[in-house]
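Letter by letter, the chains look like this.
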Amino acid sequence: MQLPKPTLLGALAFLAAPFATAQTIYVDGGYASASTDFDIEIEDFEESFDLTFGLVGGHIGYDFNPYFSIEGEALIGVQDDTHTVTIEDVEDDVDVDFIFDLNHLVGAYARGNLPLGDQFRAFARAGYVTGEIELSTNLEGVESESDSGEAFALGVGGEFNLTEQIYARGDYTRYEFDDASLDAFMASVGFRF
């Protein structure tokens, strides 16, 4: 009995098989802690603040193959940051509360994956993000102000498979806005369909 000769089409089908079975939709949700430095300059008043925010949200993505994915990200602020500053006045000192709220971050990413065995994969991602921060004070007659911005984002992280479909994820992302940088660490749990 003579075995059939290998063909180019057969070889391509053999090589593509792992990629075809790897196509997966995934979703995850969790908590992120984000930090940044924020400077305020109002007439003679200048102050720099170290801010930390809490956000909840997650990702929805698609694995084209074991090595490349795209994903969307949506995070909503749930923990603001307040700083009290004493401003010297002619008659009396005034304590002013500056309340910072990171309302949201929304973005899209391309992601490269590196499988490290059956249980773990590391990844790096790059994307484009929009966000909004709001500043308010306890001074009467002073309205809150919000500022929206766009940023490029770079991140690294890893996923650990708890079961065939459920995984734990941790990642770090740096968001580069025009006038500030934001660093975020996120832990989440996800599901693959």
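These numbers were taken from a predicted model, which means no experiment stands behind them. (Residues numbered from 1 in each chain as written. Predicted model: local features only at pLDDT ≥ 70, side-chain atom pairs only at ≥ 80, totals over all residues. Heavy atoms only, no water.)

Another point: the nonpolar core. F98, L102, L105 and Y175 are the most contacted members of the largest nonpolar core, which has 25 residues in total. Looking at this core, the elements that each hand over two or more residues are β1 (24–42), β2 (45–65), β5 (94–116), β6 (120–137), β7 (145–161) and β9 (181–192). Residues in contact with F98, not counting those within four places in the same chain, are I40, F45, F49, D81, T82, H83, V85, L135, S136 and T137. (Core = buried A, V, L, I, M, F, W, Y, C linked by side-chain atoms within 4.5 Å. Buried < 20%, exposed > 50% of the residue type's maximum accessible area, 1.4 Å probe, protein only. Helix = DSSP H or I, 4+ residues; strand = E, 2+ residues; numbered from the N terminus. Contact = heavy atoms within 4.5 Å.)

Next up on the list: the pairing of β9. In the sheet, strand β8 (residues 166–176) pairs with β9 via 11 bridges, with the strands oriented antiparallel. Looking at β9, one finds that A168 is bridged to V189. Hairpin connection, β8 to β9: the antiparallel pair is bridged by 4 residues. (Pairing = 2+ DSSP bridges.)

On the surface, a cluster of negative charge is made up of E143, E145, D147, E150, D178 and D179. If you trace the backbone, E150 turns up in strand β7. (Patch = residues over 30% accessible without salt bridge, like charges linked within 9 Å, V, L, I, M, F, W, Y side chains within 5 Å. Areas by Shrake-Rupley, 256 points an atom, 1.4 Å probe, with all protein chains shown as cover. Salt bridge = Lys/Arg side-chain N within 4 Å of Asp/Glu carboxyl O. Lys, Arg positive; Asp, Glu negative; His and termini not counted. Charge placed at Lys NZ, Arg CZ, Asp CG, Glu CD.)

This paragraph deals with the pattern of salt bridges. In the structure shown here, the tally under the stated rule is 12 salt bridges. Across the pair R125 and E71 runs a salt bridge whose closest N-O atoms are separated by 2.8 Å. In this pair, R125 is assigned in strand β6 and E71 in strand β3 (residues 68–79), connecting sequence segments 54 residues apart. For the pair shown, R125 and E71 are each scored as buried. A salt bridge links R192 to E159, with the shortest nitrogen-to-oxygen separation between them at 2.7 Å. In this pair, R192 sits in strand β9 while E159 sits in strand β7, placing the two residues 33 residues apart along the sequence. Overall, R192 belongs to the buried group, its relative accessible area being 12%. Through salt bridges with shared partners, one network takes in D28, D63, E71, E73, R111, R121, R125, E159, R169, D171 and R192.

All right, on to the packing of aromatic side chains then. If you walk through the whole model with that rule in mind, you get 9 aromatic pairs. Where F49 meets F100, the ring centres are 5.2 Å apart and the plane angle is 55°; that geometry is what we call tilted. Here F49 is found in strand β2, whereas its partner F100 is found in strand β5, with 51 residues between them in sequence. With respect to burial, F49 and F100 carry one shared label: buried. (Phe/Tyr/Trp six-rings, centres within 6.5 Å; stacked < 30°, edge-to-face > 60°.)

Turning our eyes to something else, we now look at the side chain of E73. Here E73 shows up in strand β3. Within the structure, E73 has its side chain in polar contact with the side chain of Y109 (distance 2.8 Å). When neighbours within four sequence positions are excluded, E73 is seen to be in contact with G58, H59, L105, V106, G107, Y109, R125 and Y175. (Polar contact = N/O pair within 3.5 Å; in protein donor to acceptor, adjacent residues only side chain to side chain.)

So, on to the environment of D171. If you trace the backbone, D171 turns up in strand β8. For D171, the contacting residues outside a window of four places in its chain are H59, F123, R125, V156, G157, A184, F185 and M186. A polar atom in the side chain of D171 sits 2.9 Å from the side chain of R169.

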